[in-house]
Amino acid sequence: MKPSTTIALSAQSVFKSYGGNEALHGVSFDVRKGEIFSLLGKNGAGKTTFIRIATGQLLPTSGTVIVSGHDVVSNADSVRELISLVPQDARVIKSSSALEFVQLYLALCGHSLADSRRRAFEGLNAVGIGSFAGVACNRLSGGNRHKLLLACAISSNAPILFLDEPTVGLDAQSRRELWKTLAGLRRKGRTIVLTTHYMDEAEVLSDRVAVIHNGVVAAIGSPQQIIAGTGFELRLDVDASAAAGLRAPKGVERFEFGQKIRFVGAVREVEALAKRAVSMHLPISVARANLEDAFVKLTGETAATGEKPTGTASEKGAGDGRGGNGRG
Amino acid sequence: MDAADRLKRITRVAWLDATSIAKTNPLFLLGPFLIPLSLLLVMFLYTGDRNLAFLLAGAVVFQAINAGTIVFSDFSAQKIYFKLQDLYCASPARPSVYAYSKGLSRFLTNVPAALAYLALALYYSHAPLYVVPVIIVLLVFLLVVLTSLSFFASTLVSGETDVFMIGNIFTFTAFLLSPVYYPITALPAFAQPYAFLFPATGPALLTQWAFGLLAPAAWMVQLALLSMACYAVVAYAALRAARWREN
Ligand SMILES: Nc1ncnc2c1ncn2[C@@H]1O[C@H](COP(=O)(O)OP(=O)(O)OP(=O)(O)O)[C@@H](O)[C@H]1O
Ligand SMILES: [Mg+2]
């Protein structure tokens, strides 16, 4: 197949069953070249399964994934030449040094001794652990060990990076540093496919996101499109202990939210509700609805109804950012 | 990627890995000395210096067996416990480079012990120096075969208990059931041909022959070569059949 000049990855009706358990039930979407694309979904939604399929670690039950023009089933080696991965649950507890770990990875990928050493240093510096180059991996902190995997991916010259929950265990500073690094890689033309449970991360980092729910793409688009697709514009937080008298009007969703009650909906309704809360002398905070609000709405039904997550939902609703086959 | 490029990658990675192991765990280099030494000691106490040359030749062959079987736990741990096979699988790294570089790396850390036992074996067997390249070829062959089998088996295991079970089978058949430390003629006549079912028997027999420790019957040499040819095919098939990607 001729590689597309604009599409880095194209998934078509990807199904995956583990025995009787169906993890993916017809996932279709495209990732454009040079974008940061985030896969979102609840625990067990199938994000890792999809990444494992797209990176040649796992065979799909059916469907195709094309990476830079190469079919990942029939031409996995060509795909592997173009990618690098940060796995979700790899453990770097070797006694070799941080530098040696990254250098070994690069040498396995075909880099010369000198080149792999230079790149390994660059990678370690890029994730902020250059000063630990000589330290044994098993003496690094958990977060820094995780950064080693990021250093491997970043220091390879793979044009497409797959990062499965890359910022788990990273402190706030490191997280922001990494965002900056990833944005820099994007500017240099690299395509980044990542998964995350941090919605703020997906929102600030991604050009587009796809929400996987019940084994299909429930929504796809820019974070703004996803939010708009749910009809959410504004949110109002009120202390749970004080919010008893406050009812959600039609079209406004009410979420229990730690010690808060959160109301999310269109500007007009939420503003009206806020006025009522103020008249009741309740302390409130109002803000723009965010991706997390949209995500909870998009993936909340199952939890609320206790429905078994067997992947029966169809990709309905082609409105702004909702459903569809994820193309365009 | 052509064969030369592949070989270059394998040696490069093996060198990196082995030097890193030697630097961080120098005690590691002692293992390959000590394991045959303990066997040597027991046999020496039991049979005197009668079998010393056989034991030393066995200690040389052991270095390849040890490296080729220990990688099974390396591969399994990388796959099951560290989950690093995923990292390498989703990269330009090729399974052959991954597998043989680890095998070679383990062998490199056995080289000091191999050289020491080789020198002793040469001394006690009075074998000429020109047998050394022959023995190196036999060791590398055995290393490649066992590494391929270890890699193949490691891609099939899914839990820690499998690792111990299969690991023991490997060590047992390659190391204890094969006449490595003793002449094949020490086995009952009917069992001798069956010994060639095990991968280490052929190379071990030829090594003992090269040291001039025994003069094998023609059928033994033929069976040794046949068994090695078969194992070469099996090794290739095992590498191809290894499940680099899961189902
Ligand atoms: N090796 C496996 N064998 C059997 N079932 C599996 C396997 N891996 C994943 N699953 C199942 O497939 C489904 C999707 O799992 P997956 O790991 O892809 O989810 P995820 O979206 O990455 O979740 P998380 O956010 O928790 O990482 C889950 O129901 C999981 O139990
Ligand atoms: Mg996951």
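Every value quoted in this text rests on a predicted model; they were computed, and no experiment measured them. Going along each chain's sequence as written, the residues are numbered from 1 onward. Working convention: letters from A go to chains and numbers from 1 go to ligands, in the order in which they are written. Restriction of local features to residues with pLDDT of at least 70 applies here, the model being predicted, together with a cutoff of 80 or more for giving and counting side-chain atom pairs; totals for whole chains, interfaces and linings are based on all residues. With hydrogens and water stripped out, all remaining heavy atoms of the structure feed into the side-chain values.

> Got a minute to help me understand the sheet that holds strand E5 (residues 70-71) of chain A in this structure?
All names here are of chain A. Sheet architecture is open: four strands sit in the order E2-E1-E4-E5, paired in antiparallel fashion. Edge positions in the sheet fall to strand E2 (21-32) and E5, since each of these pairs with one other strand and no more. Should DSSP find at least two bridges between two strands, the strands are taken to pair. Note on conventions: DSSP H or I runs of at least 4 residues are helices, E runs of at least 2 residues are strands, and numbering of each starts at the N terminus. Pairing between strand E1 (residues 7-18) and E2: nine bridges, direction antiparallel. Bridging across to E2, Val14 finds its partner in Val27. Here a residue-residue contact requires only that any non-hydrogen atoms of the pair lie within 4.5 Å. To obtain each axis, a line is fitted to C-alpha atoms, and for helices this fit is confined to the stretch in contact; angles are then taken between N-to-C directions over 0 to 180 degrees. Contacting E1, E2 and strand E4 (62-67), helix H1 (residues 47-54) runs over the sheet at an angle of about 120° to E1.

> What is the right way to look at the packing of aromatic side chains in this model?
When we look at a pair of aromatic rings, we describe it by the centre distance and by the angle of the planes. Residues and elements named next belong to chain B. For Phe, Tyr and Trp, rings pair up if their centres lie within 6.5 Å, where Trp contributes its six-membered ring, and each pair is then called stacked (planes under 30 degrees apart), edge-to-face (over 60) or tilted (otherwise). Within the structure shown, the criterion is met by 13 aromatic pairs over all chains. An angle of 50° between the planes, with centres 5.1 Å apart, marks the rings of Tyr98 and Trp244 as tilted. In this pair, Tyr98 is assigned in helix H5 (residues 95-125) and Trp244 in the segment after helix H10 (218-241), connecting sequence segments 146 residues apart. Both rings, one in Tyr123 and one in Tyr124, keep their centres 5.2 Å apart while their planes meet at 90°; by these two values the pair is edge-to-face.

> How should the coordination of the magnesium ion (ligand 2) be read in this particular structure?
The expected angle between donors at a tetrahedral four-coordinate metal is 109.5 degrees. At an octahedral six-coordinate metal it is 90 or 180 degrees. Residue and element names in this part refer to chain A. Donor atoms are limited to N, O and S found within 2.8 Å of the metal ion, a distance that becomes 3.2 Å for Na, K and Ca. With water left out, some sites might look partial. Surrounding the magnesium ion (ligand 2) are the protein donor atoms Thr48 (OG1) and Gln88 (OE1), which sit 1.9 to 2.1 Å from the metal. Taken together, the residues span a long stretch of sequence, with Thr48 in helix H1 and Gln88 in the loop between strand E6 (83-86) and helix H3 (98-108) at a distance of 40 residues. Judged by relative accessible area, Thr48 falls into the partly exposed class, the value being 24%. Each residue's exposure class comes from its accessible area (1.4 Å probe, protein chains only) as a fraction of the maximum for that residue type: buried when under 20%, exposed when over 50%, partly exposed otherwise.

> Quick question: what am I supposed to make of the site of ligand 1 here?
Residue and element names in this part refer to chain A. Neighbouring residues are identified by heavy atoms, a residue being near a molecule or strand if any of them is within 4 Å of it. Around ligand 1 sit 14 residues in total, of which Gly44, Lys47, Thr48, Thr49 and His197 are the nearest. Polar contacts, as counted here, are pairs of nitrogen or oxygen atoms within 3.5 Å of one another; within protein the pair requires one atom able to donate a hydrogen and one able to accept it, and residues that are adjacent in sequence qualify only if both atoms are side-chain atoms. Between an oxygen atom of ligand 1 and a main-chain N or O atom of Gly44, the distance comes to 2.8 Å. The protein chains hide 63% of the 630 Å² of surface that ligand 1 would expose on its own. Elements that contribute at least two residues to the shell around ligand 1 include exactly E2 and H1. No other element matches the three residues that H1 contributes to the shell around ligand 1. Grouping the constituent residues of the shell around ligand 1 by class yields three nonpolar, eight polar and three charged. Accessible surface is estimated by sampling points in the Shrake-Rupley manner with a 1.4 Å probe; for residues, cover comes only from the protein chains shown. The classification used treats Ala, Val, Leu, Ile, Met, Phe, Trp, Tyr, Cys and Pro as nonpolar, Asp, Glu, Lys and Arg as charged, and all other residues, Gly among them, as polar.

> Before we go on, may I ask you to explain H5(B) in this structure?
Owing to its 3.6 residues per turn, the α-helix brings residues three or four apart onto one side. Each residue is assigned a bend, namely the angle between axes fitted to the seven residues that terminate at it and the seven residues that start at it. A bend of about 50° at B:Asn110 is the largest found in H5(B), and the proline B:Pro112 appears one to four places after it. Once H5(B) ends, the next one or two residues include B:His126, with phi positive near 60°.

> Got a minute to help me understand the confidence of the model for chain A in this structure?
Across the chain, each position has a pLDDT score giving the predictor's confidence in that residue, from 0 to 100. Of the residues in chain A, 90% have a pLDDT of 70 or more, and the chain-wide mean is 89. Predicted confidence for residues 302-328 of chain A stays below pLDDT 50, and this span has 55 contacts to residues more than four positions away or in other chains.

> Honestly, empty space enclosed by the protein in this entry has me stumped. Any pointers?
Rolled over the atoms, a probe sized like a water molecule indicates the empty space that remains. Space inside and on the surface of the protein is sampled on a 1 Å grid over the protein atoms alone, with a cavity defined as a set of points where a 1.4 Å probe fits but cannot get out and a pocket as an open set with protein on both sides within 12 Å along at least 5 of 7 lines; lining residues have an atom within 4 Å of a point. Grid points are joined across faces, edges and corners, and a volume is the space filled by probe spheres set on the points. Applying the stated criterion to the full structure yields two cavities of 30 Å³ or more. Empty space within the largest cavity amounts to approximately 100 Å³. A:Lys94, A:Leu104, A:Leu108, B:Val13, B:Ala14, B:Asp17, B:Gln78, B:Tyr88, B:Tyr98, B:Ser101, B:Lys102 and B:Ser105 are the residues that line the largest cavity. Residue assignment for the lining of the largest cavity shows that the elements contributing at least two residues are H3 of chain A together with helix H1 (3-24) and H5 of chain B. A breakdown of the residues in the lining of the largest cavity according to their chemical character gives six nonpolar, three polar and three charged. The space that makes up the second largest cavity amounts to roughly 50 Å³. Lining the second largest cavity, in full, are A:Gln57, B:Lys79, B:Gln85, B:Asp86, B:Cys89, B:Trp244, B:Arg245 and B:Glu246. Looking at the lining of the second largest cavity element by element, the count peaks at three residues for helix H4 (residues 84-89) of chain B.

> When you look at the domain arrangement of chain A in this model, what are you seeing that I'm missing?
For an interface, size is often stated in terms of accessible area lost upon the parts coming together. Residues and elements named next belong to chain A. Boundaries between domains were set according to an automatic or database domain assignment. Domain boundaries assigned for chain A yield domain 1 (1-82 + 159-221), domain 2 (91-158) and domain 3 (228-299). For domain 1 and domain 2, the distance between their C-alpha centroids amounts to 23 Å. Carbon and sulfur atoms supply 64% of the area buried between domain 1 and domain 2, which totals about 930 Å² over both sides. Buried area counts how much accessible surface, traced with a 1.4 Å probe, disappears from two parts once they are put together, with both parts' losses summed. Per-residue buried area on domain 1 facing domain 2 is highest for Leu170, Thr181 and Arg190; these three make up 33% of the total on that side. A pairing counts as a salt bridge when a side-chain nitrogen of Lys or Arg comes within 4 Å of a carboxyl oxygen of Asp or Glu. Remark: the boundary between domain 1 and domain 2 carries zero salt bridges. For the pair domain 1 and domain 2, the interface holds eight residue pairs in polar contact (both at pLDDT 80 or more). Elements supplying a minimum of two residues to the side of domain 1 that touches domain 2: strand E7 (160-164) and helix H6 (172-187). With four residues, H6 is the single largest residue contributor to the side of domain 1 that touches domain 2. A class-by-class count of the residues in the side of domain 1 that touches domain 2 yields 10 nonpolar, four polar and two charged.

> Please explain helix H3 (residues 52-81) of chain B as it appears in this structure.
An expected span of 1.5 Å times one less than the residue number is assigned to each helix. For H3(B), spanning 30 residues, the distance from its first C-alpha to its last is 41 Å, which sits close to the expected 44 Å at 1.5 Å a residue. At B:Val61, H3(B) shows its strongest bend, of approximately 30°.

> Even after reading the chapter, I still don't get the pairing of E1(A), so can you show me in this structure?
Consecutive side chains along a regular strand alternate between the two faces of the sheet. Residues and elements named next belong to chain A. The hairpin turn running from E1 into E2, its antiparallel successor, is two residues long, and Gly19 in that turn takes a positive phi close to 60°. Here five bridges tie E1 to E4, and the two strands are oriented antiparallel to one another. Of the residues in E4, the one forming a bridge with Ser10 is Ile66.

> Before we go on, may I ask you to explain the sheet that holds strand E10 (residues 216-221) of chain A in this structure?
Residue and element names in this part refer to chain A. Read from one edge of the open sheet, six strands run E6-E7-E8-E3-E9-E10, paired in mixed fashion. Edge positions in the sheet fall to E6 and E10, since each has one partner strand and no second. On average, adjacent strands in this sheet sit at an angle of 15° to one another, irrespective of strand direction. Note that E6 and E7 share four bridges and pair parallel. Note that in E7 the partner of Ile83 across the bridge is Ile160. Helix H5 (residues 142-155) rests against E6 and E7 of the sheet, and its axis sits at about 175° to E6.

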